[in-house]
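Fold and contact review
Given next are the chains, with one letter for each unit.
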Amino acid sequence: MGFSLLLATTAALLTTTLAQSSTSTYVEPGVPTGTPVPGNYTGPFRPQIHFSPPQHFMNDPNGLFLDANGTYHLYYQYDPTGLTGGNQHWGHATSKDLYHWLNQPIAIFPPNNNSQVFSGSAVVDVNNTSGFFPDQDNGVVAIYTLNTPTVQVQEIAYSRDGGFSFTRYEGNPVINSTSNQFRDPKVIWYEDHWVMTVAYATDFKIGFYTSPDLKTWTHASNYTHNTVLGSQYECPNLVKMPIAGTNDSIYLLAISINPGAPLGGSITYYLPGDFNGTHFTPLDDTARLTDFAKDNYAGQFFYGIPDSEEPISIAWASNWQYGESVPTDKEGWRSQMSLPHRNVLANISGEGLRLIQTPYDLTPVLGPQLAVNNDLGNGSLVVDYSTVESNTLYFEANFSGVAGASSGATLNFTLQSPASGESVSGAYASGGNNTFVLDRGNVRGFSNPSFTPTFSTSSPVRADGSWTLSGVVDRSIIEVFLNEGEAIGTAAFYATQPLTLFTLETAGLPEGASASVAVYAVESAWKEFEDSGGIVVGNVTTSS
């Protein structure tokens, strides 16, 4: 939850505590209740398929869950009064396909004007273990950190309308504390009890708690990992993850760190391991990063995804080094989420288990094919997409037959603005270190010393001689997926003029090798929700 970076803003909110009951909430003047915040999604920076808030500032995804009606719920850290973090509430949106999001009213408010609702999770209490839902099987319980001037404690709130409105539990806090660095609970169901992972942020420990009813929690164990520390641990996630090509599964513990990531600021890493209901044991001490670029933090896995399906996650696609200063404030909002990702672990030769991440099914937003070449060879393909209203593209390229090729076998793509000369590009060279480079340094709409211009990773050609690339460029953010998600890079960028020209070039391919490429328009997920004035008003008649 980037707590240290919110201290200055939070301090400004520390006024006299209002007399409140344990279940009451405080609504600041000007913050709407029972109606969504409206938003304008037409700005040149505004992503069209990456979720962003209607107005103001957003950071961590919270409380992700799938309900029995097939509706995905996304809550998020939301400051409804400013363009930086501090006045934290839980914003809320819902979707049937993870791309077309319907903005809902703010879901959880703080209890008074000197506390904030920090990150957490949500579960569906199907068996009414909590006792809150005697006549229903779709009751939702949110578990979150309440941040106060002196301590951080864990609270719960319950919803009897499917997750649209919440009542704070009168017995809060469910886990008390004397620390102001104890936060971000993520709860799952394990066999016959609930399990919470929670961060002891500056102690570099992840706590595991168990509960029969979501109200009474018992400390079970702590886990610490000394390979990547940063300055604090945040937003832990524990999820059961399938292993590709087998019928086996294993647990994955994800830990976010901020600041102190290898490239600066915030990042998330993960550890595969065993979990017995109380203790986590990693397979090894290797810290594996979820992303080789810089704008992927505090990712959370959806609760309620069946074990037979691959887990789905969404992350905050920004970085605490600059997330509160990016130029989207000119459009009245800041921050976007990553694409929804499908996740699976795979055994990679010479490495062990690696997280494979791919975009969730893009079909609901995939538009017409703009260009295709199934036998590009050593050549190029150019696509002018200036007429694509969304200014959003999906592209994919594939090598085959390049096993053993020299480092002269290359694939380069460029997304360019003919008007300004600005560009975002990617370059791959097979052989040698098999290096892929993502470059956002040739755009001029944002200047910050921490806004790292280039990112690189090694992505070897597979044993069968193939290598794949796919990507989504969505106005002001790009996500690339190498070798079908063996490595991913997420980078926001801010050009002064829209990028409208896509070029892909291949060279140095050996005889017998081939390359193919396809480019598609992507439709805006927001346009259908706009009113006659171009404003997305959201769900004004909330129901489950």
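About the cut-offs
- Residues numbered from 1 in each chain as written.
- Predicted model: local features only at pLDDT ≥ 70, side-chain atom pairs only at ≥ 80, totals over all residues.
- Heavy atoms only, no water.
- Helix = DSSP H or I, 4+ residues; strand = E, 2+ residues; numbered from the N terminus.
- Rg over C-alpha atoms; globule rule 2.2 N^0.38 Å.
- Buried < 20%, exposed > 50% of the residue type's maximum accessible area, 1.4 Å probe, protein only.
- 1 Å grid on protein atoms, 1.4 Å probe; cavity = no way out; pocket = protein on both sides within 12 Å on 5 of 7 lines; lining within 4 Å.
- Points joined across faces, edges and corners; volume = space filled by probe spheres on them.
- Salt bridge = Lys/Arg side-chain N within 4 Å of Asp/Glu carboxyl O.
- Phe/Tyr/Trp six-rings, centres within 6.5 Å; stacked < 30°, edge-to-face > 60°.
- Lys NZ or Arg CZ within 6 Å of the ring centre and 35° of its normal.
- Pairing = 2+ DSSP bridges.
- Contact = heavy atoms within 4.5 Å.
- Nonpolar A, V, L, I, M, F, W, Y, C, P; charged D, E, K, R; others polar.

1. Comments concerning the overall build of the protein
A tally of helices and strands in the protein yields one helix and 36 strands. For the protein, whose C-alpha radius of gyration is 23 Å, the value lies close to the compact-globule estimate of 24 Å for 544 residues. When the backbone C-alpha atoms are referred to their principal axes, the protein occupies close to 75 × 55 × 45 Å. A buried classification covers 62% of the 544 residues belonging to the protein.

2. Quick look at empty space enclosed by the protein
Per the counting criterion, the structure on display carries four cavities of 30 Å³ or more. Taken as a whole, the largest cavity encloses approximately 150 Å³ of empty space. The wall of the largest cavity is formed by 16 residues, among which Thr290, Gly299, Phe301, Ser313 and Gln357 lie closest to the centre. Elements supplying a minimum of two residues to the lining of the largest cavity: strand 15 (249-257), strand 19 (297-301), strand 20 (312-316), strand 22 (341-348) and strand 23 (352-359).

3. A short note on the pattern of salt bridges
Throughout the structure, instances matching the rule amount to nine salt bridges. Among the ionic pairs, Arg354 bridges to Glu351, the shortest N-O distance being 2.5 Å. Arg354 gets classed as buried once you look at its relative accessible area, which sits at 16%. Salt-bridge contacts for Arg462 lead to Glu484; the nearest nitrogen and oxygen are separated by 3.0 Å. You can see Arg462 sitting in the loop between strand 30 (454-458) and strand 31 (467-474) and its partner Glu484 sitting in the loop between strand 32 (477-482) and strand 33 (487-492), a full 22 residues away along the chain. Looking at Arg462, the relative accessible area reads 24%, which means it is partly exposed. Here the salt bridges do not stand alone but share partners, grouping Arg462, Glu484 and Glu486 into one network.

4. Topic: the packing of aromatic side chains
Within this structure, the stated rule accounts for 42 aromatic pairs. Note on Phe395 and Phe413: the rings are 4.9 Å apart at their centroids and 50 degrees apart in plane angle, and the pair reads as tilted. Residue Phe395 is found in strand 26 (residues 392-400), and its partner Phe413 is found in strand 27 (residues 410-416); the two are separated by 18 residues along the sequence. Through successive ring pairs, a cluster of aromatic residues spans Tyr41, Phe51, Tyr76, Tyr78, Trp101 and Trp526. Against the face of Tyr41 rests Arg46, its NZ or CZ located 3.9 Å from the ring centre. Of note, Arg440 hangs over the ring of Phe451, and the distance from its end group to the ring centre comes to 3.6 Å.

5. Side note on the sheet that holds strand 7 (residues 140-147)
If you trace the four strands from one edge of the open sheet to the other, you get 6-7-8-9, paired in antiparallel fashion. Only two strands of the sheet have a single neighbouring strand rather than two, namely strand 6 (116-124) and strand 9 (167-168). For strand 8 (residues 152-159) and strand 9, the ladder comprises two bridges, and the chain directions are antiparallel. From the neighbouring strand, Tyr158 faces strand 9, where its bridge partner is Thr167.

6. A short note on unusual backbone geometry
Geometrically, the link from Asn172 to Pro173 is a cis peptide bond, its omega value of 0 degrees lying close to zero. Residue position: Pro173 is located in the loop between strand 9 and strand 10 (182-190). Note the cis peptide between Asn258 and Pro259, where omega equals -15 degrees. Looking at the element boundaries, Pro259 is found in the loop between strand 15 and strand 16 (267-275). Phi angles above zero are rare outside glycine, and Asn434 is one such case at about 50 degrees. With respect to the helices, strands and loops of the structure, Asn434 is situated in the loop between strand 28 (423-429) and strand 29 (435-442). Look at Asn434 and you get buried, because its relative accessible area is 13%.

7. Section: the environment of Gly277
The residue Gly277 is located in the loop between strand 16 and strand 17 (280-282) in this model. Considering only alpha carbons, one finds Gly277 and Thr167, 110 residues apart in sequence, at a separation of 29 Å. When neighbours within four sequence positions are excluded, Gly277 is seen to be in contact with Tyr190, His193, Val195 and Thr210.

8. Here we look at the pairing of strand 12 (residues 205-211)
Regular strands have side chains that alternate between both faces of the sheet. Counting buried residues along strand 12, six of its seven residues qualify, which places the element largely inside the surrounding structure. The antiparallel pairing of strand 11 (residues 193-200) with strand 12 creates a hairpin that spans four residues between the two strands, and Phe204 there sits at a positive phi of about 55 degrees. Between the antiparallel neighbours strand 12 and strand 13 (residues 218-223) lie six residues, among them Leu214 with a positive phi of about 70 degrees.

9. Overview of the layout of surface pockets
Approximately 930 Å³ is the volume found for the largest pocket. Residue lining of the largest pocket: 37 residues in total, with Trp189, Tyr303, Gly304, Ile305 and Asp307 positioned closest to the centre. Broken down by secondary-structure element, the contributors of at least two residues to the lining of the largest pocket are strand 2 (56-66), strand 10, strand 14 (233-242) and strand 15. Top element by residues in the lining of the largest pocket is strand 14. It accounts for five residues. Tallied by class, the residues present in the lining of the largest pocket amount to 21 nonpolar, eight polar and eight charged. Empty space within the second largest pocket amounts to approximately 380 Å³. Leu289, Thr290, Asp291, Phe292 and Thr457 are the residues nearest the centre of the second largest pocket, which is lined by 26 residues in total. Tallied by class, residues from the lining of the second largest pocket come to eleven nonpolar, nine polar and six charged.

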